[in-house]
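# Examination of the molecular architecture
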Amino acid sequence: MCSSDLFTTDRAPAAVADAAGDIMLFGKNQTTREVFLNNFAVQPAPAVPAPGDEQREWTGWQRPPGSPLTAQALSCCTHNRKVYAFAVQINGQIAHKFFMPNESENTVVPWAVVPGGATSLQTGTAVSSALVNGRLVLCAADRGGNVMLNELAPGGQIGRAHV
C-alpha cells in the first residue's frame, strides 16, 4: 500500500468495525479521487502488557493497490468476518472489494465491478450497504432515479439487481 502524509477529502468517510473490532475508514482523496483506507488497529503488545491494556493507533491513510477512482463517498459493511467496501467509479459502475484481517500483497483480492447488468447498476450518486438478516445488501439509485437493491447470495456471489 502507498502511504499518504496528507489526505484531504470532500466526502464523508465510511466507517466500519472489522471482525477483530478494529475500525476501518474508507475515503476518497479530494484531488486524485483515489480510494484511501485508514485503520484504528491494535498495535503489538509490549513484552509485559497490562491486563486489558490494548493499544490502538491509526495506521495512517493508505491507498490499497488497484483502487478505483471515484467522485462519491464510499460505503462499507462487515459480513462473514470480511469487510466489504463499495465505490462508484467515474463511469458510474459500482466496484466492490473485500478486505480480510492480515491481508498481504499475495492474498489481496482485486476490486471488481458489481454484477447485475452493464446498465442496471450504474449510478451517479453514492451507494449504501448494510447487513440485513445476515445478508449483505447494496442499495443504489440508478441513473433514472429508481432504487436498486443487490444482495450477496449464499456462497459469496453478489447477485442481480432488483427493485
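A brief structural summary. Owing to the predicted nature of the structure, the values given are computational and were not obtained by experimental measurement. (Residues numbered from 1 in each chain as written. Predicted model: local features only at pLDDT ≥ 70, side-chain atom pairs only at ≥ 80, totals over all residues. Heavy atoms only, no water.)

## Quick look at the environment of A15
Summarising the element assignment, A15 is placed in strand β2 (residues 14-17). Placed 11 residues apart in sequence, A15 and F26 show a C-alpha to C-alpha distance of 6.5 Å. In contact with A15, other than residues within four places in its own chain, are M24, L25 and C76. (Helix = DSSP H or I, 4+ residues; strand = E, 2+ residues; numbered from the N terminus. Contact = heavy atoms within 4.5 Å.)

## What to know about the environment of I90
With respect to the helices and strands, the residue I90 is situated in the loop between β8 (82-88) and β9 (94-99). Measuring from C-alpha to C-alpha, the distance between I90 and T123 comes to 9.6 Å, with 33 residues separating the pair along the chain. Those residues in contact with I90 that lie beyond four places of it in its chain are R33, L69, T70 and A71.

## Some points on the packing of aromatic side chains
Enumeration over the complete set of coordinates arrives at 6 aromatic pairs. Ring centres of F7 and F36 lie 5.3 Å apart, and the angle between their planes is 50°; on these two criteria the pair is classed as tilted. On the criterion of sequence distance, the pair formed by F7 in the loop between β1 (2-3) and β2 and F36 in strand β4 (residues 35-42) is long-range, its members being 29 residues apart. Note on F7: relative accessible area 14%, which makes it buried. F36 sits in the buried class, given a relative accessible area of 6%. With centroids separated by 5.8 Å and ring planes inclined at 55°, the aromatic side chains of Y84 and F98 adopt a geometry described as tilted. Of the two residues, Y84 sits in strand β8 while F98 sits in strand β9, which places them 14 residues apart along the sequence. When its relative accessible area of 17% is taken as the criterion, F98 is described as buried. Among the aromatic residues, those joined into a ring-pair cluster are F7, F36 and W61. Looking at K82, its charged tip hangs above the ring of F98, at a distance of 4.1 Å from the centre. Directly above the aromatic system of F99 lies the positively charged group of K97, at a separation of 4.3 Å from the ring centroid. (Phe/Tyr/Trp six-rings, centres within 6.5 Å; stacked < 30°, edge-to-face > 60°. Buried < 20%, exposed > 50% of the residue type's maximum accessible area, 1.4 Å probe, protein only. Lys NZ or Arg CZ within 6 Å of the ring centre and 35° of its normal.)

## Points about the sheet that holds strand β12 (residues 135-141)
If you walk across this open sheet you meet the 3 strands as β11-β12-β13, and the pairing is antiparallel. Two strands close off the open sheet at either side, each with one partner strand: β11 (128-132) and β13 (147-151). The mean angle between the axes of side-by-side strands here comes to 25°, regardless of whether they run parallel or antiparallel. Summarising the sheet, β12 and β13 pair through 5 bridges and their orientation is antiparallel. From the neighbouring strand, C139 faces β13, where its bridge partner is L149. (Pairing = 2+ DSSP bridges. Axes fitted to C-alpha atoms, helices over the stretch in contact; angles between N-to-C directions.)

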